[in-house]
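Fold and contact review
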Amino acid sequence: TNTEDTAESELHVTVEFASNFMETAKYQEFLDERETLETIDEVHEWRARLNAYSKEFHENLVAKNMKALSDMEYSDYDVIGYSPFVVLKTSPDDISTAALLDVASCASVEHVSVAYEEIPKVSNVNSDDNYTMTWAQCLMATGAYNTVHSGTYTGNGIRIGIYEVGGLPDTTHTNLSGKSIVINSSASVADRVTPAKLEELYEHAIAVTSIVALMAPEAQFFVSAYYDKYSLEWFIDQGCDIVNCSFGKEDNLGYKY
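For clarity, every value in this text was computed on a predicted model and none was experimentally measured. (Residues numbered from 1 in each chain as written. Predicted model: local features only at pLDDT ≥ 70, side-chain atom pairs only at ≥ 80, totals over all residues. Heavy atoms only, no water.)

1. Some words on the overall build of the protein
When helices and strands are counted, the protein shows seven helices and eight strands. Scored against the burial criterion, the 257 residues of the protein give a buried share of 39%. Summarising the internal contacts of the protein: among those between residues at least 6 apart in sequence, 77% fall at separations of at least 24. As displayed, the protein offers around 14700 Å² of accessible surface, 49% of which is attributable to carbon and sulfur atoms. (Helix = DSSP H or I, 4+ residues; strand = E, 2+ residues; numbered from the N terminus. Buried < 20%, exposed > 50% of the residue type's maximum accessible area, 1.4 Å probe, protein only. Contact = heavy atoms within 4.5 Å. Areas by Shrake-Rupley, 256 points an atom, 1.4 Å probe, with all protein chains shown as cover.)

So, in structure tokens, the structure goes:
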């Protein structure tokens, strides 16, 4: 792998605000209602209402408590949806121990953590890791062969999220044709990698989506790339029952997950 990198120093300050979400009367009502659900459609409808309540509750909570961070210097911030977390983006030169202690001592703040990262800017990537694998070998390697060929599952009524490393699958592929697949087209790394690497990412996306689609052919599939920072929220918004993540801590693009 050959890269031409320059690194930026960035400090991420994650602030967790105190939340009583699980103690609210409305949340307890949702818990009681869960015991009465009988079908997958009822579960999806119930979860959609619970998610909407959680999102509104935590958006209001974060907005109300952002004033506790008014003395912090930061260039940008991300509100982590469906949760009481906000991530402040700053630099080591713009933050002080005293400022962090002031925030941590606020009654509305539950926890503060700091992460220092060097974020590489990748201008070129070459990969020699080309390989060919038959579908039978691919299914055997992932332990899915017997499940697929015995028709163990149909996936009917299930919504499956596929969180991809960067590429998005070609839904006209033989394994995916006719399947119910929704693509988050806003998530792409096409402007950050070479055409050769992009093709490799596409192949990975086809392989992963195919394995899941062959195991549960009647499920609904929702695919997004991790490059979109709101992908996880997108999966929740789509009402996914499960999300598959098929990438590790770091790859040869220099990305960190």
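2. Some words on the side chain of Thr24
Of note, Thr24 is situated in the loop between β1 (7–17) and α1 (25–34). Overall, Thr24 belongs to the buried group, its relative accessible area being 12%. In terms of polar contacts, Thr24 uses its side chain to reach the side chain of Tyr53, at 2.9 Å. (Polar contact = N/O pair within 3.5 Å; in protein donor to acceptor, adjacent residues only side chain to side chain.)

3. Considering the side chain of Thr90
With respect to the element layout, Thr90 can be found in strand β3 (residues 85–90). Reaching out from Thr90, the side chain makes a polar contact with the backbone oxygen of Glu73 at a distance of 2.9 Å. With sequence-adjacent residues up to four places away left out, Thr90 is seen in contact with Glu10, Leu11, Val13, Glu73, Tyr74 and Ile95.

4. Quick look at the pairing of strand β7 (residues 220–225)
As a general feature of sheets, a regular strand has side chains that alternate between the two faces. A large share of β7 lies buried, amounting to five of its six residues. Two elements, strand β5 (residues 159–164) and β7, share six bridges in a ladder whose sense is parallel. Each residue of the ladder has a partner; that of Ile160, found in β7, is Phe221. Across four bridges, strand β6 (residues 180–183) lies against β7 in parallel orientation. The residue of β7 that forms the bridge with Ile181 is Phe221. (Pairing = 2+ DSSP bridges.)

5. Observations regarding the confidence of the model for the protein
Here the protein averages 80 in pLDDT, while 80% of its residues score no lower than 70. Per-element confidence in the protein ranges from a low mean pLDDT of 73 for strand β4 (residues 109–120) to a high of 96 for α1. Ignoring residues within four places in sequence, the model shows residues 119–132, a span with pLDDT below 50, making 33 contacts including any to other chains. (pLDDT = per-residue confidence, 0-100.)

6. Let's talk about the nonpolar core
Residues Val15, Phe17, Leu69, Met72 and Val86 are the most contacted members of the largest nonpolar core, which totals 16 residues. Elements represented by at least two residues in this core include exactly β1, α2 (40–65), β3 and α3 (97–104). Sort the elements by how many residues they give to this core and β1 lands first, with four residues. With residues up to four places along the chain from it excluded, the contact list for Met72 reads Val13, Leu88, Ile95, Ala99, Leu100 and Val103. The next biggest cluster of nonpolar side chains, apart from the first, holds 13 residues, and it includes Ile160, Val208, Ala213 and Phe221. (Core = buried A, V, L, I, M, F, W, Y, C linked by side-chain atoms within 4.5 Å.)

7. Some thoughts on unusual backbone geometry
At Tyr82, a residue that is not glycine, the phi angle is positive and equals roughly 65 degrees. Residue placement: Tyr82 occurs in the loop between β2 (76–80) and β3. A residue is classified by how much of its surface remains accessible, and Tyr82, at 16% relative accessible area, is buried.

8. Here's the deal with the environment of Asn65
Examined against the element boundaries, Asn65 turns out to sit in helix α2. As for Asn65 and Phe17, which are separated by 48 residues in sequence, their C-alpha atoms are 7.4 Å apart. Every residue in contact with Asn65, bar those within four places of it in the chain, is listed here: Phe17 and Ser108. A distance of 2.8 Å separates a polar side-chain atom of Asn65 from the backbone oxygen of Leu61.

9. As for α3
Inspection of α3 places Ala99, Leu100 and Val103 among the buried residues, and these make up the whole buried set. Axial view of α3: buried residues confined to an arc of 100 degrees, hence all on one face. Residues of α3 that are exposed and point more than 90 degrees away from the buried face comprise Thr97, Leu101 and Asp102. (Arc of directions from axis to C-beta.)

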